[in-house]
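Read off the chains here:
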2 protein chains.
Amino acid sequence: MTLSDVAQRAGVSAITVSRALRDPEKVSPQLRDTILTVVEEMGYVPDLAARALASKNSGLVGVLSPGLTSHAFLALIRGIEDRVRPSDLRIQYANADSNSEDQLRQLRFFMSQNPAGLIHVGQIGDPAIDDLLRRAPCPVVEIMDVSRQPTDMAIGIDHRLAAETATRHLLAKGYRRIAMLGGAWDFRGRRRQEGFQAVLEEAGLFDPALVLSIDSSTSVGLGCHLLDRLRNEFPDADAAFCHNDDIALGVLFECQRRGLAVPGDFGICGFNDLEYAGFAFPAITSVRVPRYEIGYRAVDMIIRASGSGAYPAKVVDLGYQLVSRGSTARDG
Amino acid sequence: MTLSDVAQRAGVSAITVSRALRDPEKVSPQLRDTILTVVEEMGYVPDLAARALASKNSGLVGVLSPGLTSHAFLALIRGIEDRVRPSDLRIQYANADSNSEDQLRQLRFFMSQNPAGLIHVGQIGDPAIDDLLRRAPCPVVEIMDVSRQPTDMAIGIDHRLAAETATRHLLAKGYRRIAMLGGAWDFRGRRRQEGFQAVLEEAGLFDPALVLSIDSSTSVGLGCHLLDRLRNEFPDADAAFCHNDDIALGVLFECQRRGLAVPGDFGICGFNDLEYAGFAFPAITSVRVPRYEIGYRAVDMIIRASGSGAYPAKVVDLGYQLVSRGSTARDG
DNA sequence: CTGTTAGCGCTTTCAG
DNA sequence: CTGAAAGCGCTAACAG
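Rules used in this analysis
Residues numbered from 1 in each chain as written. Chains lettered and ligands numbered in written order. Predicted model: local features only at pLDDT ≥ 70, side-chain atom pairs only at ≥ 80, totals over all residues. Heavy atoms only, no water. Axes fitted to C-alpha atoms, helices over the stretch in contact; angles between N-to-C directions. Helix = DSSP H or I, 4+ residues; strand = E, 2+ residues; numbered from the N terminus. Left-handed = near helix turned anticlockwise from the far one by under 90°. Contact = heavy atoms within 4.5 Å. Nonpolar A, V, L, I, M, F, W, Y, C, P; charged D, E, K, R; others polar. Near = heavy atom within 4 Å. Polar contact = N/O pair within 3.5 Å; in protein donor to acceptor, adjacent residues only side chain to side chain. UniProt positions renumbered as here; feature names shortened; annotations may be inferred. Salt bridge = Lys/Arg side-chain N within 4 Å of Asp/Glu carboxyl O. Buried < 20%, exposed > 50% of the residue type's maximum accessible area, 1.4 Å probe, protein only. Pairing = 2+ DSSP bridges. Buried area = accessible area lost by both parts, 1.4 Å probe. Least-squares fit on C-alpha atoms with pLDDT ≥ 70 in both. Expected span 1.5 Å × (residues − 1). Core = buried A, V, L, I, M, F, W, Y, C linked by side-chain atoms within 4.5 Å.

Residues and elements named next belong to chain A. Put simply, helix α5 (residues 73-84) and helix α12 (residues 291-308) touch, their axes get as near as 6 Å, and they point 35° apart. Read as a crossing pair, α5 and α12 show a hand that is right-handed. Along the contact surface, α5 presents Ala75, Leu76, Arg78, Gly79, Ile80, Asp82, Arg83 and Val84, while α12 presents Arg291, Tyr292, Ile294, Gly295, Tyr296, Val299, Asp300 and Ile303. Grouping the constituent residues of the contact of α5 with α12 by class yields nine nonpolar, two polar and five charged.

What follows deals with the protein's contact with DNA strand D. Lining the immediate environment of DNA strand D, one finds 25 residues, of which A:Leu3, A:Ser18, A:Tyr44, B:Thr16 and B:Arg19 sit closest. Contacts to DNA strand D include A:Ser18, whose side-chain N or O atom sits 2.3 Å from a phosphate oxygen. Elements that contribute at least two residues to the surface near DNA strand D include exactly α2 (14-22) and α4 (48-55) of chain A together with α2 (14-22) and α4 (48-55) of chain B. Top element by residues in the surface near DNA strand D is α4(A). It accounts for four residues. Here the surface near DNA strand D is built from residues that sort into twelve nonpolar, six polar and seven charged.

Mapped onto the present numbering, the UniProt feature "domain: HTH lacI-type" (unreviewed entry) falls on residues 1-55 of chain A. Structurally, residues 1-55 of chain A is divided into 71% helix and 0% strand, and its ends, taken at the C-alpha atoms, are 20 Å apart.

This part takes up the pattern of salt bridges. Going through the model one piece at a time under the given rule, you end up with 40 salt bridges over all chains. In this structure, A:Glu254 and A:Arg257 form a salt bridge, with 3.2 Å as the shortest nitrogen-oxygen distance. Of this pair, A:Glu254 and A:Arg257 are both found in helix α11 (residues 245-258), three residues apart, which corresponds to roughly one turn of the helix. Linking B:Asp158 and B:Arg191 is a salt bridge whose minimum nitrogen-to-oxygen distance equals 3.6 Å. In this pair, B:Asp158 sits in the loop between β5 (153-157) and α8 (159-172) while B:Arg191 sits in helix α9 (residues 187-202), placing the two residues 33 residues apart along the sequence. Across the pair, exposure class does not vary: B:Asp158 and B:Arg191 are buried alike. Salt bridges here are not isolated pairs; linked through shared partners, they connect A:Asp158, A:Arg160, A:Glu164, A:Arg191 and A:Glu194.

This part covers the side chain of B:Asn244. Residue and element names in this part refer to chain B. Checked against the element boundaries, Asn244 lands in the loop between β8 (239-242) and α11 (245-258). For Asn244, a relative accessible area of 15% corresponds to the buried category. Of note is the side chain of Asn244, whose polar atom sits 2.9 Å from the backbone nitrogen of Ile247. The residues contacting Asn244, other than those within four sequence positions of it, are Gly270, Phe271 and Asn272.

A few words on the sheet that holds strand β6 (residues 178-181) of chain A. Residue and element names in this part refer to chain A. The four strands lie next to each other as β7-β6-β8-β9, forming an open sheet whose pairing is parallel. At either margin of the open sheet sits one strand with a lone partner, and together these are β7 (211-212) and β9 (267-269). Here strand β8 (residues 239-242) runs beside β9; their pairing, made up of three bridges, is parallel. Residue Phe241 lies in a different strand from β9, and its bridge partner there is Cys269. The strands touched by helix α8 (residues 159-172) are β6, β8 and β9; relative to β8, the strand with the most contacts, the crossing angle is about 165°. This element, helix α9 (residues 187-202), spans β6, β7 and β8 of the sheet and lies at about 175° to β6.

What follows concerns the interface of chain B and chain A. Contact with chain B, which involves 41 residues of that partner, is made by 41 residues of chain A. Each partner contributes to the roughly 3800 Å² buried at the junction of chain B and chain A, and carbon and sulfur atoms together form 62% of this total. For the pair chain B and chain A, the number of links is zero salt bridges. Linking chain B to chain A there are 18 residue pairs in polar contact (both at pLDDT 80 or more). Of all the secondary structure elements, the ones that give two or more residues to the side of chain B that touches chain A are α4, α5 (74-84), β2 (90-94), α6 (100-111), α10 (219-233) and α11 of chain B. Across the side of chain B that touches chain A, the residue classes break down as 20 nonpolar, twelve polar and nine charged.

A separate point is the protein's contact with DNA strand C. Near DNA strand C you find 25 residues, and of these A:Thr16, B:Leu3, B:Ile15, B:Ser18 and B:Tyr44 are the closest. Within 4 Å of the protein, the contacting atoms of DNA strand C are drawn from sugar and phosphate to the extent of 65%. In this structure, B:Leu3 approaches DNA strand C through a main-chain N or O atom, which is 2.4 Å from a phosphate oxygen. One of the side-chain N or O atoms of B:Arg22 is found 3.2 Å from a phosphate oxygen in DNA strand C. When residues of the surface near DNA strand C are traced back to their parent elements, those giving at least two are α2 and α4 of chain A together with α2 and α4 of chain B.

Expressed as a screw operation, the relation of chain B to chain A combines 0.1 Å of axial shift with a rotation of 180°, fitting to an RMSD of 0.1 Å. In short, the pair behaves as if placed about a two-fold rotation axis. In terms of C-alpha distance to the rotation axis, chain B has B:Ala49 as its closest residue, with the C-alpha 2.3 Å off the axis. A high fraction, 100%, of the interface residues of chain B reappear at the interface in chain A, so the copies pair face to face through one surface.

Residues and elements named next belong to chain A. For α12, built from 18 residues, the straight-helix expectation of 26 Å at 1.5 Å per residue is met to within 8% by its first-to-last C-alpha distance of 26 Å. Among the residues of α12, Arg291, Ile294, Gly295, Ala298, Val299, Asp300, Met301, Ile302 and Ala305 are the ones counted as buried. Packed against the buried residues of α12 are β1 (60-64), α5, β3 (117-120), β4 (140-145), β5 (153-157) and β11 (315-317). Of the residues trailing α12, Gly309 is marked for its positive phi of about 85°.

With that settled, the discussion passes to the nonpolar core. Judged by nonpolar contacts, the single largest core of 87 residues is most densely connected at A:Ile143 and B:Ile143. Once residues within four sequence positions are removed from consideration, A:Ile143 is found in contact with A:Leu76, A:Ile119, A:His120, A:Val121, A:Gly122, A:Ile155, A:Ile294 and A:Ala298. Ranked by size, the runner-up nonpolar core spans 58 residues in total, among them A:Phe234, B:Ala240, B:Val251 and B:Cys255.

In this section: the sheet that holds strand β11 (residues 315-317) of chain B. All names here are of chain B. Taken in spatial order, the six strands of this open sheet run β2-β1-β3-β4-β5-β11, and their pairing is parallel. At either margin of the open sheet sits one strand with a lone partner, and together these are β2 and β11. The mean inter-strand angle of the sheet, taken between neighbouring strand axes irrespective of direction, is 15°. Alignment of β5 against β11, held across three bridges, turns out to be parallel. Note on β11: the bridge partner recorded for Gly156 is Asp317. α5 rests against β1 (60-64), β2, β3 (117-120) and β4 (140-145) of the sheet, and its axis sits at about 155° to β2.

For the rest of this paragraph, the subject is the side chain of A:Asp130. For A:Asp130, the location among the structural elements is in helix α7 (residues 127-135). The residues contacting A:Asp130, other than those within four sequence positions of it, are A:Gly125, A:Arg148 and A:Thr151.

Attention now goes to unusual backbone geometry. The residue after B:Val262, namely B:Pro263, is reached through a cis peptide bond having omega 10°. Inspection of the secondary structure assignment puts B:Pro263 in the loop between α11 and β9 (267-269). Across the junction of B:Phe281 and B:Pro282, the peptide omega takes the value -5°, indicating a cis bond. Assignment of secondary structure puts B:Pro282 in the loop between β9 and β10 (286-288). The residue A:Lys56 is not glycine, and still its phi comes out positive at about 55°. Tracing the backbone shows A:Lys56 in the loop between α4 and β1. With relative accessibility at 59%, the residue A:Lys56 sits in the exposed group.

Structure follows, in structure tokens:
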């Protein structure tokens, strides 16, 4: 079942059917109706490979990220999908390992498909990756963090600033022996740790021994484990800024198990503001990151860039928001 | 940069390069080495659209499911990716709405790409969908539930049985006014509700008023809300079988907020056994569903079916496991 | 507004 | 084991 089958049946040439399908305006109303009816009747579906080959435009947007299958990326993906749905683009996800070799492999793979755009959770700063992105024959949006100058465009927040705000919040609530739990596994995590450290050093309260990190795949469990270790080694530790909400949740559970009062004896601040943070008991203070909007607008930037040939913006900082809740609700 | 560029540089014809790339055995070792070296040097990457068009084989596996961006599907996706990685297949996800019209649209879209396989979280039983799947020119695996006869193949568990086991567990622990919270939004949910109802009717303890369901996107919050409603209307309700772990978590938080002792005053059983279930305080009893393995083996079945032309199996029931924990740990 | 011609980059088929 | 010819289904460019 090809375009010419339809064309024959409709009594026109193939190209006219092609136009009626992609650019209905370019065909006279009568012909258009006839053609679309025939298409419907025959159940014709265009072959995307042929289309991509002939037009050198695959309509494919690649999303590349380490840890894509993590809780925090769900909202991002929803945003991406929602913006893509009404367009004629389609998305392909690639869940790279965090090493740059695998990312390069995946990027090359996308390139082989004439992508219409690339969304990249940039992390590494590997010159080979930057180079490949610069060469990419399509708009590239680097998402999540905006502190590095992007190849094309970037959208996200400043993770270092966000961590500073969270740390100041804990200080303001009177916590003094504040730990950072869960690590700096990637670029954003490192930025957050920098912010955390800077604020505490300024206050003369930074203790590197209170920065605890293990690479682990179970994050709530990791939160439990780290709180355990922290309090065993440093019984005077009185708060934790957690790498993400899963870890914060684990910390909360472990505090409950130990009979440690939250927020009285111990304060907890998470990161991302996942849905459950607001419903926990006590509700967990967290930093809201506009993940849905990042995804939605990243696709939007690609669409605009493809349409106009110019970047709608170089760097978009969407800002974060500290959501103060029960887990840190005590008087400073 | 095309195949003939490489061919010219290597002093052979295009087809030989093509063979060296896809089927190295078919080319003499010396030529092969020369060619692969040149490919490497030039950084040549084959054009997948051209390949798909010429060979009528896109190597693309479509994954179609409503609610794909939910917590419970993360492990499924990991399984899928892990099995796909070492193969030459690639995955495309489509997050259909739960209505059959959108699913049809998405399925047709996949069809237009000559897919090498289709993975479908079957739910609706719409004849048009079944029809389309039957016509599909590639292996189709329906995943998650195995209670319906699949078009080609199916892999998953029996959700009705799983619910029966969970409900019996609550009965065995001495709970008598058992609610089902969070609904039967899809085929699997309905199957679970059937199992729940059957067991309680057999025990003479079924009360339809204790089946509470709202369609909502925030699930932990929904758990809180439903527990609230349940205990306000039925203060004697003493346990809940929850539609998923998120709802169970919300129920747990709300019990804590109300000062309801878990498991003493109120028992909680979740579904899926997400990571946090085992770390909560008290740990949450749940039904473990082998989601990772379902994804991994679904792809495996497609690969085997493509290779041999025959289905490795019609229906694979991977079984579930009730994980009994603190949230129901009281003497019957 | 519609049609003709040519070709996208690769693989299939059939010869050598 | 290697190559030549043909064509996958569609669209760009040009013509009418």
